[in-house]
Amino acid sequence: MFKLTVKNTDIVICFSFVAVVTLCVLLYNEQIIIISVLSSLLHECGHIVAMKVSGVKIKELRLYGGGAKISAENGFISVKRELFIAFSGVAVNLILCVLFYKLFPLVFAVNLSILIFNLLPIGTLDGARALDIISDKYPVLNTPARLVKCIVSLLLAVLCAYSIFRFEISISVLVTVLFLTIGELLNKK
């Protein structure tokens, strides 16, 4: 693990992040890797800008095998601001999709994939964060929210298993989905 502190914000790069990036570099076209990394960084920058606009101080940016996680310092944030922050990353990917739809189809496809993937309500993804924010505000939704997360996790696991048997899935997608599915199923919340 590599840790660097910049302006009271810890930037942590975990071994699992380096391992996944290395695996992708070895297995995939470098153009797709560059577009994916840049689009993912812009996605996270969307969250960071939204946090700054909302007056939220960033405590840590952690890059790990399942992606990135931004932790804020404790403090009250309104539900609207929390949702604004949660959806700001996918908003950046949506803007990139619109901008590059006709011009660069590969940039469009990568950003659409990142957008859709991050809206899934599992693990630490943006969709799960938004669902948690809403279910915390309305506790009556806690059980249905947990059920939705488990069903989506299991469906992803089944889809991955089916794709493996058909030899049509990338290793990085498999590792990421398994990481998120196992994490979600083990989560007690």
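For the structure given in this document, a descriptive report is provided here. For clarity, every value in this text was computed on a predicted model and none was experimentally measured. (Residues numbered from 1 in each chain as written. Predicted model: local features only at pLDDT ≥ 70, side-chain atom pairs only at ≥ 80, totals over all residues. Heavy atoms only, no water.)

1. Describing the packing of aromatic side chains
- Taken as a whole and judged by the stated rule, the model has two aromatic pairs.
- Judged by centre distance (5.8 Å) and plane angle (50°), the ring pair of Phe100 and Phe104 falls under tilted.
- By relative accessible area, which is 24% here, Phe100 ends up partly exposed.
- With a relative accessible area of 44%, Phe104 lands in the partly exposed category. (Phe/Tyr/Trp six-rings, centres within 6.5 Å; stacked < 30°, edge-to-face > 60°. Buried < 20%, exposed > 50% of the residue type's maximum accessible area, 1.4 Å probe, protein only.)

2. Structural notes on the side chain of Asp10
- Structurally, Asp10 is set in strand β2 (residues 9-13).
- A distance of 2.8 Å separates the side chain of Asp10 from the side chain of Thr5, its partner in a polar contact.
- Beyond its immediate sequence surroundings of up to four residues, Asp10 is in contact with Lys3, Leu4, Thr5, Lys59, Glu60 and Leu61. (Helix = DSSP H or I, 4+ residues; strand = E, 2+ residues; numbered from the N terminus. Polar contact = N/O pair within 3.5 Å; in protein donor to acceptor, adjacent residues only side chain to side chain. Contact = heavy atoms within 4.5 Å.)

3. Examining the pairing of strand β3 (residues 58-64)
- Counting buried positions over the seven residues of β3 gives five, a clear majority of the element.
- Examined bridge by bridge, β2 and β3 share four bridges and lie parallel to one another. Along β3, the bridge assignment pairs Asp10 with Glu60.
- As defined by bridge partners, β3 adjoins strand β4 (residues 67-72) across six bridges and the pair is classed as antiparallel. Following the sheet pairing, Arg62 is matched in β4 by Lys69. (Pairing = 2+ DSSP bridges.)

4. Concerning the sheet that holds β3
- Read from one edge to the other, the open sheet built from four strands follows the order β1-β2-β3-β4, with strand pairing classed as mixed. Edge strands, defined here as strands with exactly one partner in the open sheet, are β1 (2-6) and β4. Averaged over all adjacent pairs, the angle separating strand axes in this sheet is 15°, with direction ignored.
- Both β1 and β2 contribute to a ladder of five bridges, which runs antiparallel. Within the sheet, the bridge partner assigned to Phe2 lies in β2 and is Ile13.
- Along the sheet, helix α2 (residues 30-53) makes contact with β3 and β4, crossing β4 at roughly 10°. (Axes fitted to C-alpha atoms, helices over the stretch in contact; angles between N-to-C directions.)

5. A word on the environment of Glu73
- Summarising the element assignment, Glu73 is placed in the loop between β4 and α3 (79-100).
- Assessed through its relative accessible area of 40%, Glu73 is described here as partly exposed.
- Remark: the alpha-carbon pair of Glu73 and Glu60, spanning 13 residues in sequence, is separated by 8.6 Å.
- With near-sequence residues (within four places) excluded, Glu73 lies in contact with Lys57 and Lys59.

6. Looking at the packing of α2 against α3
- Relative orientation of the contacting elements α2 and α3 amounts to 145°, with a least axis distance of 8 Å. For the pair α2 and α3, the crossing hand works out as right-handed. Two secondary-structure elements touch here, α2 through Ser39, Leu42, His43, Gly46, His47, Ala50, Met51 and Val53 and α3 through Arg81, Phe84, Ile85, Ala86, Ser88, Gly89, Val90, Val92, Asn93 and Leu96.
- Here the residues of the contact of α2 with α3 sort into 10 nonpolar, seven polar and one charged. (Left-handed = near helix turned anticlockwise from the far one by under 90°. Nonpolar A, V, L, I, M, F, W, Y, C, P; charged D, E, K, R; others polar.)

7. Some words on unusual backbone geometry
- With phi around 50°, Lys7 is a residue other than glycine that occupies positive phi space.
- Structurally, Lys7 is set in the loop between β1 and β2.
- Phi at Asn8 takes a positive value of approximately 65°, unusual for a residue other than glycine.
- When you line up the elements, Asn8 lands in the loop between β1 and β2.
- Taking the relative accessible area as the measure of exposure, Asn8 reaches 68% and is therefore exposed.

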